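# Coordinate analysis (summary)
Each chain, letter by letter, is given below.
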Amino acid sequence: MIMPTAIPHAQSHQNNLRQSAQHAVAGNQIHYERHRPEQTILYQLVQEHIETFFAQVEMETGSGLPDFVKDEFDAFLECGILAHGFLRLRCADCAHEKLVAFSCKRRGFCPSCGGRRMAQTAAHLVDHIIPRVPVRQWVLSLPIPLRYLLAAHPHLLTPVLQVIHRAISTFLIKRAGLKRSEAQTGAITLIQRFGSAANLNIHLHCLVLDGVYRIQNGEPEFHRVKTPTAEQLHTLLGQIIKRIMKALTRHGALIEEEGMTYLAEIESDAALAPLQSAACTYRIALGRRAGQKILTLKTVATQNLEQSDQECCVNAHGFSLHAGVRCAMNQRKELEHLCRYITRPAIANERLTLNSSGAVVLTLKTPYRDGTTHIVMSPLEFMQRLAALVPRPRLNLIRFHGVLAPNAKLRAEIIPGEKKNKSKPADDNDDALHSPTSVRISWARLLKRVFDIDIEHCPHCGGTLKIIAAILESSVITKILDHLGLPTRAPPRSPAQIFDIFEPA
């Protein structure tokens, strides 16, 4: 996978930049303007079709969607809507006020909250976790049956990740000319659950320290390793495949009989399972077109991979291992860009449009090798995709291994953080030192760091904006919004249209 040259943005952030430019004060400072989710195509689609979709799922599967999926849709429809509550900010100098709506903070498909989590995670990893050493990205893609298996039964991710990290770390230690008892390495695995076509695609992005640590004179010393060759990657991928299959067989997820391996029958959610299966295979789960492929728009097929990237990418039995992206020790900004790319939201508002017939057209981030540039779905088919993308609660999508694991002995010695900063004078502009007891970066500082948007200062006089109240009571919300001439009620959901469920797209 090629690292992008620009940071992916949710449309809400791009709209903020355009709108804020009109309110710039002296010094060309850009200021934040509240995004309006109710004006986006994604919000309008969910608002209009969610009740019909819930009815369709229950009618065709005989079971309703799990509560965590329904809660995801409910929270999304409240995210960023002032009628559900907000913060009041006031300028200390000119008394100008600003309202900031609450967010849903969900992990499924909300572009706004996904954009915040993207920036927060990337900043945290670079500032507080990843040592100042070279880092290589290892991307492992899985065959479609295993994507579905891990989506339906995410507890199986743990043994799979243990196998992968042990294989890669052993490979690096041997490349350094050492034994496992003499050296260690570390990695961060970011579990990505989606592809650019809003398909369910469980694949693993492993940010692995491109070398190993060895204790010398009581201090950890880092030893770099050379870039792996294609032959070495082929051998390593073969080991990983063999060990993953053994681990899944041992956990009862795979059955091996007479030289054949197939998925075991494990109980799955009756309503969610068909949606996940179809989302993995680019098919439609429910409705008149159930089982058919998603409609695609194509152009001339192209090959857009450079030779150097092909040499660092190997394939076997539906698995793919890519190790072509590396950030040097001094490339911290590039590393943060890479982390943002990996943790980007599943859906970007700017890639969603409606055609003349009301169908949803999703533009792919980059064209597929066969020339596919867009996919076309009916609104209900698009709802199926969104439901399949919602992760189960308490599923940790970021895992730490080796010397970067929370309880690792060397972790405190190698990560950038409080220990090394004690000898460094405090700087009010340094995000990492702003709060010694917490590594969380405020949303205001993230906007400034990532998008160069200033939310802490008044757009009129440049004074400091401070939170004066959190408005939660419906009567007070209504009174304030009515005084400002803003909508006092959230956009209503459209009732279920049963006759729409079996209409052709």
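Residues numbered from 1 in each chain as written. Predicted model: local features only at pLDDT ≥ 70, side-chain atom pairs only at ≥ 80, totals over all residues. Heavy atoms only, no water.

## Structural notes on the overall build of the protein chain
On a plain count of helices and strands, the protein chain comes out with 16 helices and 17 strands. Per-residue burial over the protein chain gives 50% buried out of 505 residues. Of all intrachain contacts in the protein chain linking residues separated by at least 6 positions in sequence, the fraction that spans at least 24 positions is 71%. (Helix = DSSP H or I, 4+ residues; strand = E, 2+ residues; numbered from the N terminus. Buried < 20%, exposed > 50% of the residue type's maximum accessible area, 1.4 Å probe, protein only. Contact = heavy atoms within 4.5 Å.)

## Quick notes on a positive patch on the surface
On the surface, Arg166, Lys174, Arg180, Lys242, Arg243, Lys246 and Arg250 cluster together into a positively charged patch. Per element, the largest residue contribution to the positive patch is four residues, and it comes from helix α7 (residues 230-250). Tracing the sequence through the fold places Lys246 in helix α7. (Patch = residues over 30% accessible without salt bridge, like charges linked within 9 Å, V, L, I, M, F, W, Y side chains within 5 Å. Areas by Shrake-Rupley, 256 points an atom, 1.4 Å probe, with all protein chains shown as cover. Salt bridge = Lys/Arg side-chain N within 4 Å of Asp/Glu carboxyl O. Lys, Arg positive; Asp, Glu negative; His and termini not counted. Charge placed at Lys NZ, Arg CZ, Asp CG, Glu CD.)

## A look at the environment of Pro154
Here Pro154 lies in the loop between α5 (144-152) and α6 (157-175). Here Pro154 falls in the buried class, since its relative accessible area comes to 14%. Note: C-alpha distance between Pro154 and Asn396 (242 residues apart in sequence) is 9.6 Å. Ignoring any residue separated from it by four or fewer positions in sequence, one finds Pro154 in contact with Arg392 and Leu395.

## A closer look at the sheet that holds strand β1 (residues 86-91)
The strand order β2-β1-β17 describes an open sheet built from three strands, whose pairing is antiparallel. Where the open sheet ends on each side, the last strands, each with one partner, are β2 (97-101) and β17 (465-471). In this sheet, neighbouring strand axes are inclined to one another by 25 degrees on average, regardless of whether the strands run parallel or antiparallel. Looking at chain direction, β1 and β17 are connected through six bridges and run antiparallel. (Pairing = 2+ DSSP bridges. Axes fitted to C-alpha atoms, helices over the stretch in contact; angles between N-to-C directions.)

## Let's talk about the environment of Val212
Position of Val212 among the secondary structure elements: in strand β6 (residues 211-216). Accessibility expressed as a relative area gives 0% for Val212, which makes it buried. Sequence-wise, Val212 and Leu178 are 34 residues apart; in three dimensions their C-alpha atoms are separated by 9.2 Å. Discounting chain neighbours no more than four positions away, the residues touching Val212 are Leu172, Ile173, Ala176, Leu178, Ala183, Gln184, Thr185, Glu221, Phe222 and His223.

## Some points on the nonpolar core
With 104 residues, the main nonpolar core has Phe53, Phe73, Trp138, Leu140 and Ile244 as its most contacted residues. The dominant element in this core, judged by the number of residues it contributes, is α6, at 10 residues. In this structure, Ile244 is in contact with Leu140, Leu146, Val160, Val163, Ile164 and Phe319, ignoring residues within four places of it in sequence. Judged by nonpolar contacts, the second largest core, of 25 residues, contains Ile188, Tyr341, Ile414 and Ile415. (Core = buried A, V, L, I, M, F, W, Y, C linked by side-chain atoms within 4.5 Å.)

## Comments concerning the sheet that holds strand β14 (residues 360-363)
Hydrogen bonds along the backbone pair up the strands of a sheet, which may run parallel or antiparallel. Read across the sheet, four strands follow the order β10-β15-β14-β13 without closing on themselves; strand pairing throughout is antiparallel. Every interior strand has two partners, whereas the edge strands, β10 (295-298) and β13 (352-354), have only one. Each strand of the sheet is rotated relative to its neighbour by a mean of 30 degrees, with strand direction disregarded. Summarising the sheet, β10 and strand β15 (residues 372-377) pair through four bridges and their orientation is antiparallel. Residue pairing in the sheet places Leu297 in a bridge with His374 of β15.

## Remarks on the pairing of strand β4 (residues 186-194)
The element β4 is extensively covered by neighbouring structure, given that nine of its nine residues are classed as buried. Where β4 meets strand β16 (residues 398-402), five bridges bridge the pair, whose relative direction is antiparallel. Within β16, the position partnered with Ala187 by the bridge is His401. Relative to strand β5 (residues 200-209), β4 runs antiparallel, the two being bridged by seven bridges. Note that in β5 the partner of Leu190 across the bridge is His205. Where β4 folds back on β5, the antiparallel hairpin that results is connected by five residues, among which Ala198 adopts a positive phi of roughly 60 degrees.

## Remarks on the pattern of salt bridges
Across all of its chains, the model carries nine salt bridges by this definition. As a salt-bridge pair, Arg90 and Glu97 come within 2.5 Å of each other at their nearest N and O atoms. Under the relative-accessibility criterion, Arg90 is labelled partly exposed at 34%. Look at Glu97 and you get partly exposed, because its relative accessible area is 29%. One continuous salt-bridge network, built from bridges that share partners, spans Glu51, Asp74 and Arg493.

## Regarding the packing of α6 against α7
It is at 9 Å that the axes of α6 and α7 come closest, and there the two elements cross at 150 degrees. If you check the angle between α6 and α7, you find them roughly antiparallel. Seen along the crossing, α6 lies across α7 with a hand that is right-handed. Packed against α6, whose contacting residues are Val160, Val163, Ile164, Ala167, Ile168, Phe171 and Arg175, the element α7 presents Gln232, Leu236, Ile240, Arg243, Ile244, Ala247 and Leu248 at the interface. (Parallel < 35°, antiparallel > 145°, perpendicular 65-115°, else oblique. Left-handed = near helix turned anticlockwise from the far one by under 90°.)

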